[in-house]
Amino acid sequence: MALPSRYQKEVNAHLSRNVQQTSPPMNLNDSFGSGRGKSYNRQQVQSRIREILGKYSNGFWVSKLPQIYRELYKQDLPSEAIGDLESWTHICTVEKTCSSNPNELLLYPGKDQSAPCSPPPLSNSTCSPAPPTTSSHTPPDQPPQPLAQPRPPSTPLSRSGSGSPQSPPSSPCSSSSSSPPALSQDLRQKLEELLVKYSSGLWAHALPKLFQDAYKTKLPAFVLENLHLLDDICTVDYPMADNPKRAILYRRSSVGGAEDENCNRRGSSISEEELRMRRDAGRRLSNQAVPPLQIPKEEYPSVLVIEATNTNGVVLRYVGEGYSQAQEAMEDRMKEFYGVKGSNRTPLSAPTSGQLVAVRAEEEEEILRGQICEVLEDKIKVFYVDHGFFETVSRTKVFDLDERFFKLPFQATKCKLAGLEPFCQEAAVLKKFETMASGRILLAEILVRAQTPLVVLYDTSQDDDVNINAACRRALHDKALASPLQVNGAYMNVTVSSICSDGTFYCQLPSRGLHKMKQLLESIETHFHSQVTSEFLVSRPFCGKLCLARYKGKWSRVEITNLHGSRVLDILFVDVGVQASVEVFELREIPPMFLRDFVAVPPQAVKCCLADLAVSVGSWTPEAVQWLRKKVLNVSDCSMKVAKTDETKCCTLVYLFSDKNCHEPTRSLNHQMVRSDLFKQKPDVFLTSHSPKKIPTNISSSETSSNKDSANGNPTSVAAGLHPKRAPSAPRGGSGSPDKSPPSSLAQLPPLLELPPAGSNLDVYVSVACHPGHFVLQPWRDMYKLVVLMGEMILYYNKTEEKPLRIEKNQIYVAKVENNWYRVLVKGVLTNGMVSVYELDYGKHELVSCSNLRPLIKEFKQFPFQAITAQLAGVKPRQWSEEASIVFRNHVEKKPLVAQLESLQDSKNPWDRKLTVFLVDTSQEERDVWMHDLMAEFADERSNEL
């Protein structure tokens, strides 16, 4: 048939569907991949399926089982278990439906042999699992939700080419001949109390320390060796298949009582009194309701801050499409509808409290939506529902609100500032907030999506982002407790508590604040010794939060500076200046009775750098840092003299002495370093380059597994809510085109990432896109494991000291880029101390200092490199224009898609492998978007324009 191109794919898909329906019947193994020959824990799977059927006693589609299993147990259902369902008659009953489609199968509990031949109507199917929805706010290191399934309910929900997942390693105790002791009720209750604090999961290896801190007794050793004993209170996940001891425990949570993350917030900008007035009055000339305002899907929406009478109710408006832009368009239409001076309409004759109206603002140019709060003799007090403020206007300026202006939700809403709840009405906090935030457009990090969302506000207009919440909290500092520093002032008994690799250091000066803080920390030690510390676990960490962590065996104040997902985070010990990376279970909340005192004491670590050095901060060699550490760390009688204070960098330039004689500048450590050769580069040590070693031929590959997910926002997460919904139909056309000291050698590479055969579909995430001829894919199925690996590397490498390292070209290392550690290939060594590297898991090229490289240890070589270079199939190779590259990049970069493999150009080096793939965006309900078609249409349009 000769059809327009836009209809051709629809017909092809219809024909393809008919062919499938007339094909011979397929058994379960054919539909889902038999996976025969692979072992899995049948007893565990049977137990879990029995538990699932207990929840869905009315039965459900077999095609839904993998999704339900993954959601409940954070693991993939072994594909071979699907084929075994029919033989497990004591567990379940598999029944074919009356449909002509042989792949439509129903699953019922085994005890019920009289199941109907068709599923019950949707209206009565209260126990059937709901269709998959798109989540818009997934925590960064949560397991990725599976790609949603195909639209047509008449087709089997299978994903070809995704690989057969491996089953998790069985418990170490599974082969034990003797049964482990049962958990006592008291022990079970205590473990559940600990797990309830960690909704996003807890590492099993953290349990002993948490248990000891919380209950002052040791956790019985058999618990960790027999994690299956915890099955009734938690699920166990093994993200690192090669290391069964690294298990994650997820508490089983009930559905009821959970807070709705998409809770509607109609009228949340109005006070309780106005809300009551609105409910009581309820008079409108139309029955049409205003839809509720939904929280934006993105994790960091822009907001316009209006005002705050307390930080638990900050009035704001969301900025962007569907919010401020839609509001401006509506108000333009209102201006046109009501006329310039309101001459088109008659003022409201009988205004009533609570009524929605159109109001001519005092500027006489704007028509705004408002709600009547109070009717006076000749005036009316109204609240502008889209702008968040009150005004008293003349009766002649109030008009009936036409029904067409009821469609947009009220735009003024409220939020709560995280970390300031106990100080929400403090005058100093509100004054600081007024100065920094009112009337400005800021970035809001949404921590809790509720009727009044919990947020952290950031000012991103400066070189460094400013945390508004933390700045408002610091307004409560008692200046009398700060360490006073004056230019030319000399200070004795200085303690240098930390020296950073960039040359800055932190020191403590004798002061009232330091004495006060020592007393507070002693009180905390006593308090925690007599309390169950699990009550103070930090359940919701965020940047700028003030809490407690262990430093040299004692509790100390810390501020969270960066989050790597929800388990690993960076902290700063604010009173000693030491930075560290820890797991969230190591943190504790400050008990409420001590909180106000802790907040009042300013940080007691003063950030300094040495004056009169030719080398700037950040250019120090490891030898210079080590020399200074040996001179002043753990020395009790240091002294210093202040040369200059730098307000912009929050750093004080000083002369530092390793004794109390601070009146002779020539004796300072500054002058000693100037006279030394500590800052001379040593090219033979840092900047050597060698030819690559011979590549071995016996590199083996290993199978990877597990459909896991993560969130967006940082390099170790996938943007939530953008995952493809289903496997695409066939393409419409086009043809594709064909260990510690010495560096890691290529013979020690991780196994190659296993890829499905040509013609298969693979769920991918496009991390980098230059143009259709070059982009980088990451397999979606193992994204969760990559998140876990990144967290482990942060914890390991942030605790290792910098040491001189022999850097060679074409060798594998770990490099620190911003706040994360990446597995990299060195592409070139520059003479200025910088190194060009390629991120082997993300496909990005970076330039880093040679001091930020570390050896890649064996533990981090087990997981295959995740970045795969690719080119688009179905288009002719060409020199792509900048316009075409931008269009392609906007459609694929940072997005999950479905890749249909055309061919593989293989290589023994992971970074030299190249795929040719069709890319399909299946996120739209109406149609699939094939990227080769999109680029062909763009090329045709450009040709016509020319």
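What counts and how
Residues numbered from 1 in each chain as written. Predicted model: local features only at pLDDT ≥ 70, side-chain atom pairs only at ≥ 80, totals over all residues. Heavy atoms only, no water. Helix = DSSP H or I, 4+ residues; strand = E, 2+ residues; numbered from the N terminus. Buried < 20%, exposed > 50% of the residue type's maximum accessible area, 1.4 Å probe, protein only. Areas by Shrake-Rupley, 256 points an atom, 1.4 Å probe, with all protein chains shown as cover. Phe/Tyr/Trp six-rings, centres within 6.5 Å; stacked < 30°, edge-to-face > 60°. Salt bridge = Lys/Arg side-chain N within 4 Å of Asp/Glu carboxyl O. Pairing = 2+ DSSP bridges. Axes fitted to C-alpha atoms, helices over the stretch in contact; angles between N-to-C directions. Contact = heavy atoms within 4.5 Å. pLDDT = per-residue confidence, 0-100. Parallel < 35°, antiparallel > 145°, perpendicular 65-115°, else oblique. Nonpolar A, V, L, I, M, F, W, Y, C, P; charged D, E, K, R; others polar. Polar contact = N/O pair within 3.5 Å; in protein donor to acceptor, adjacent residues only side chain to side chain. Expected span 1.5 Å × (residues − 1). Arc of directions from axis to C-beta.

Asks: Tell me about the overall build of the protein, residues and numbers included.
Replies: When helices and strands are tallied, the protein shows 20 helices and 39 strands. Expressed as a percentage of the 946 residues in the protein, the buried residues total 51%. Total accessible area on the protein is roughly 44,000 Å²; 49% of this is exposed by carbon and sulfur atoms.

Asks: For the packing of aromatic side chains, give the residues involved together with the corresponding values.
Replies: For any pair of aromatic rings, geometry is given as the distance between the ring centres together with the angle between the planes. If you walk through the whole model with that rule in mind, you get 19 aromatic pairs. Taking 5.4 Å as the distance between ring centres and 35° as the angle between the ring planes, the aromatic pair formed by Tyr797 and Trp821 counts as tilted. One end of the pair, Tyr797, is in helix α18 (residues 783–797); the other, Trp821, is in strand β32 (residues 820–829), with 24 residues separating them in the sequence. Here the aromatic rings of Tyr797 and Phe860 are separated by 5.8 Å at their centres, their planes lie at 45°, and the arrangement is tilted. A residue pair is termed long-range when its members are at least 10 positions apart, and Tyr797 in helix α18 and Phe860 in the loop between β35 (853–854) and β36 (868–872) qualify at 63 residues. Assigned by exposure class, Tyr797 and Phe860 land together as buried. Put simply, the rings of Phe337, Tyr338, Phe399 and Phe405 pair up and form one aromatic cluster.

Asks: Mind laying out the pattern of salt bridges, listing which residues take part and the relevant values?
Replies: When their charged atoms lie close together, side chains carrying opposite charge are able to pair. If you walk through the whole model with that rule in mind, you get 18 salt bridges. In this structure, Lys545 and Glu589 form a salt bridge, with 2.9 Å as the shortest nitrogen-oxygen distance. Here Glu589 lies in the loop between β23 (578–583) and α14 (592–600) and Lys545 lies in the loop between α13 (512–529) and β20 (546–551), a separation of 44 residues in the sequence. A residue is classified by how much of its surface remains accessible, and Lys545, at 12% relative accessible area, is buried. Salt bridges sharing common partners tie together Arg473, Arg474 and Glu559.

Asks: Which residues make up the pairing of β23, and what values go with them?
Replies: Note that strand β22 (residues 568–573) and β23 share 6 bridges and pair antiparallel. The residue of β23 that forms the bridge with Ile571 is Ala580. In sequence, β22 turns back onto β23 through a hairpin of 4 residues, with Gly577 there showing a positive phi of about 75°.

Asks: An account of the sheet that holds β20 is needed here, citing residue identities and associated values.
Replies: Strand order in the open sheet formed by 4 strands is β20-β21-β22-β23, with antiparallel pairing between adjacent strands. The open sheet has two edge strands, β20 and β23, and neither has a second partner. Between one strand and the next, the sheet's axes are offset by a mean angle of 45°, whatever the strand orientation. Across the sheet, α13 is in contact with β20 and β21 (554–564); its angle to β21 comes to roughly 95°.

Asks: Please provide a residue-by-residue account of the confidence of the model for the protein, values included.
Replies: Segments scoring low in pLDDT should not have their predicted coordinates read at a detailed level. In this model, the protein carries a mean pLDDT of 77, and residues with pLDDT of at least 70 account for 74%. Note that residues 683–726 has pLDDT below 50 and, in this model, 174 contacts with residues that lie over four places away or in other chains.

Asks: If you had to explain the packing of helix α3 (residues 42–55) against helix α4 (residues 65–73) to someone new, which residues and values would you point to?
Replies: In contact at an axis separation of 11 Å, α3 and α4 are set at 100° when each is read in the N-to-C sense. Relative to α4, the element α3 lies roughly perpendicular. Mapping the contact onto sequence places Val45, Arg48, Ile49, Glu51, Ile52 and Lys55 in α3 and Leu65, Ile68, Tyr69, Leu72 and Tyr73 in α4. Split into classes, the residues belonging to the contact of α3 with α4 amount to 8 nonpolar, no polar and 3 charged.

Asks: Tell me what's going on with the pairing of strand β16 (residues 454–459), and back it up with residues and numbers.
Replies: Summarising burial for β16: 6 of the 6 residues are buried, a large majority. Residues of β16 alternate between two faces, with Leu454, Val456 and Tyr458 on one and Val455, Leu457 and Asp459 on the opposite face, all of them buried. Count of turn residues in the strand β15 (residues 441–448)/β16 antiparallel hairpin: 5 residues. Summarising the sheet, β16 and strand β17 (residues 466–467) pair through 2 bridges and their orientation is antiparallel. Across the sheet, residue Tyr458 finds its bridge partner in β17, namely Asn467. The hairpin turn running from β16 into β17, its antiparallel successor, is 6 residues long.

Asks: Pulling in residues and values, what's your account of the sheet that holds strand β9 (residues 356–360)?
Replies: Strand order in the open sheet made by the 5 strands is β12-β11-β10-β9-β13, with antiparallel pairing throughout. The outermost strands of the open sheet, each flanked by one partner alone, are β12 (389–394) and β13 (398–400). Neighbour to neighbour, the strand axes of the sheet diverge by 50° on average, direction disregarded. By the bridge criterion, 5 bridges tie β9 to strand β10 (residues 367–375) in an arrangement that is antiparallel. Looking at the pairing, Arg360 lines up with Ile367 of β10. Along the sheet face, helix α10 (residues 324–338) touches β9, β10 and β13 and points at about 80° away from the line of β10.

Asks: Let's hear about unusual backbone geometry: which residues, and what values?
Replies: Peptide bonds are trans in most cases, and residues, glycine excluded, mostly fall at negative phi. Residue Lys552 is not a glycine yet carries a positive backbone phi of 55°. Structurally, Lys552 can be placed in the loop between β20 and β21. The exposure class assigned to Lys552 is exposed, which follows from its relative accessible area of 67%. The backbone of Asn810 sits at a positive phi, close to 65°, despite the residue not being glycine. By the secondary structure assignment, Asn810 is in the loop between α18 and β31 (812–817).

Asks: Could you give an account of the side chain of Gln371, naming the residues involved and the relevant values?
Replies: Examined against the element boundaries, Gln371 turns out to sit in strand β10. Looking at Gln371, its side chain comes within polar contact range of the main-chain oxygen of Gly354, at 3.0 Å.

Asks: Give me α3: which residues, what numbers.
Replies: An ideal rise of 1.5 Å per residue puts 20 Å on 14 residues; α3 measures up with 20 Å between its terminal C-alpha atoms. When α3 is considered as a whole, its buried residues turn out to be Val45, Gln46, Arg48, Ile49, Ile52 and Leu53. Seen along its axis, α3 keeps its buried residues to an arc of 165°; they face one direction. Residues of α3 that are exposed and angled more than 90 degrees away from the buried face: Gln43 and Gly54. Structurally, α3 contributes buried residues whose contacts are with β1 (60–61), α4, α5 (79–84), β2 (92–96), β3 (105–109) and β5 (234–237).

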